[in-house]
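# Residue-level structure breakdown
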Amino acid sequence: MSENRSESETGIPAVDATGLPDHVTEAEIRESAARERREKLHMFLTNWQGLTGLILVTLFFASAIFAPWLAPYDPNALDVPARLSGPTLEHLAGTDQLGRDTLSRILYGGRVALYIAAIGVSVSLVIGLILGMIAGFGPRWLDNLLLLAFDTVRSFPTIVLALATVALTGPSLGVVLAIVIITSIPQYARVARTATLTLRNTDFILAERSLGASMTRTLLHHVMPNVVGPLLILAAMEVPVVVTVEAGLSFLGLGVTPPTASWGTILNEGYLVIRDAPWMVIAGGIPLILTTLGFTFLGEALRDIFDPRMGKGR
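Residues numbered from 1 in each chain as written. Predicted model: local features only at pLDDT ≥ 70, side-chain atom pairs only at ≥ 80, totals over all residues. Heavy atoms only, no water.

## Focus on a nonpolar patch on the surface
Nonpolar side chains collect at one region of the surface, where Ile159, Leu163, Phe251, Leu252, Tyr271 and Leu272 lie side by side and expose about 610 Å² of accessible area between them. Counting only elements with at least two residues in the nonpolar patch, the list comes to α7 (158-169) and α11 (263-272). Along the polypeptide, phenylalanine 251 turns up in helix α10 (residues 215-251). (Patch = residues over 30% accessible without salt bridge, like charges linked within 9 Å, V, L, I, M, F, W, Y side chains within 5 Å. Areas by Shrake-Rupley, 256 points an atom, 1.4 Å probe, with all protein chains shown as cover. Salt bridge = Lys/Arg side-chain N within 4 Å of Asp/Glu carboxyl O. Helix = DSSP H or I, 4+ residues; strand = E, 2+ residues; numbered from the N terminus.)

## Side note on the packing of helix α5 (residues 102-137) against helix α6 (residues 140-155)
One way to put it is that α5 packs onto α6 with a least axis distance of 7 Å and a crossing angle of 140 degrees. Classified by the angle between their axes, α5 and α6 sit oblique to one another. α5 and α6 meet at a crossing whose hand is left-handed. Residues Leu131, Ile134 and Ala135 of α5 touch α6, and the partners they reach there are Leu142, Asp143, Leu146 and Phe150. Split into classes, the residues belonging to the contact of α5 with α6 amount to six nonpolar, no polar and one charged. (Axes fitted to C-alpha atoms, helices over the stretch in contact; angles between N-to-C directions. Parallel < 35°, antiparallel > 145°, perpendicular 65-115°, else oblique. Left-handed = near helix turned anticlockwise from the far one by under 90°. Contact = heavy atoms within 4.5 Å. Nonpolar A, V, L, I, M, F, W, Y, C, P; charged D, E, K, R; others polar.)

## Quick notes on empty space enclosed by the protein
Summed over all chains, the structure comprises one cavity of 30 Å³ or more. Computed from the structure, the largest cavity encloses a volume of approximately 30 Å³. Residue lining of the largest cavity: Asp96, Thr102, Arg105, Ile266, Glu269 and Met280, and that is the complete set. (1 Å grid on protein atoms, 1.4 Å probe; cavity = no way out; pocket = protein on both sides within 12 Å on 5 of 7 lines; lining within 4 Å. Points joined across faces, edges and corners; volume = space filled by probe spheres on them.)

## Observations regarding the pattern of salt bridges
Within this structure, the stated rule accounts for four salt bridges. In this structure, the salt-bridge partner of glutamate 269 is arginine 100, at a minimum N-O distance of 3.4 Å. Placement of glutamate 269 in helix α11 and of arginine 100 in the loop between α4 (67-70) and α5 is noted, with a sequence separation of 169 residues between them. In this structure glutamate 269 comes out as buried when scored by relative accessible area, which is 13%. Residue classification places arginine 100 among the buried positions, given a relative accessible area of 5%. Across the pair aspartate 143 and arginine 193 runs a salt bridge, and its minimum N-O distance is 2.7 Å. One end of the pair, aspartate 143, is in helix α6; the other, arginine 193, is in helix α8 (residues 173-200), and 50 residues separate them in sequence. Of the two residues, aspartate 143 and arginine 193, neither departs from the other in class, the shared state being buried. Shared partners join several salt bridges into a network, and the residues in it are Asp96, Arg100 and Glu269. (Buried < 20%, exposed > 50% of the residue type's maximum accessible area, 1.4 Å probe, protein only.)

## As for α8
For α8, spanning 28 residues, the distance from its first C-alpha to its last is 40 Å, which sits close to the expected 40 Å at 1.5 Å a residue. Roughly 30 degrees is the biggest bend found in α8, and it falls at serine 184, with proline proline 186 one to four residues downstream. (Expected span 1.5 Å × (residues − 1). Bend = angle between axes of the 7 residues up to and from the residue.)

## A short note on the environment of arginine 83
Position of arginine 83 among the secondary structure elements: in the loop between α4 and α5. Along the chain, arginine 83 and glutamine 97 lie 14 residues apart, while their C-alpha atoms are 5.1 Å from each other. What arginine 83 contacts, discounting residues up to four positions off in sequence, is Thr95, Asp96, Gln97, Leu98 and Gly99. One polar contact links the side chain of arginine 83 to the main-chain carbonyl oxygen of glutamine 97, over a distance of 2.9 Å. (Polar contact = N/O pair within 3.5 Å; in protein donor to acceptor, adjacent residues only side chain to side chain.)

Honestly, it's all geometry; don't read function into it.
So this is what it looks like as structure tokens:
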């Protein structure tokens, strides 16, 4: 009697060498994947929050990248006779107490925010992903040790950690970047650990390990592709937090040092002369608000599309 029985004899769809039902062709699989991508794209294009966020994020990137060409003046050029002048055709956002063009400083301040956000989020995501997968896939004692380290870092308020660091090293852009990375790693690591624990005992992981695959190969080829998606969505929603942290530290004098333009320093300088020149605070706060809204809207839209269960739970 033949060992390969038909579907009508066993009640189970026959499978080919790939493990897929023999009546499912490769073309059908590709068409199904393409149809899923089109559906997700349609969901995004019909989501007003996602489109609004994409527009605001695009404006943020464009204004920061092309600031040298968009800025009408050198951000550090002094024009003392025009100090504290209101918005005019010559200075669309007015000038500060030294006569510097506020609009030019805002555009260059966006470059600082983009630099901190891009490097800070990228580095903390990569380190958090690695540590989270090791914690979820490694022995119990290592998991507990890493969790203790994550909780220890998260227990320190960002401002307190910044004050302690600046007292030892002095304020600088590097200090802000280090603080952002250190304080952001635990949340990425915890998400990666939870996802890794969920995948650890699945059939395809157990099969891979039974075939003698090393932990490094299993993590890189099978765990990481299933973990990185939620982390990218978290990163999109974390960017405004990083931008706000940078602005807050610079506002307190713990971030970038003068005369480097930063949204936080613009707000700080505007606060000192708010009675005489309120436009500085307004002009410095608008890009910070729009950037925060843009990344928040974009992150929520991506979350609703790629993880509908979280969207329904809101």
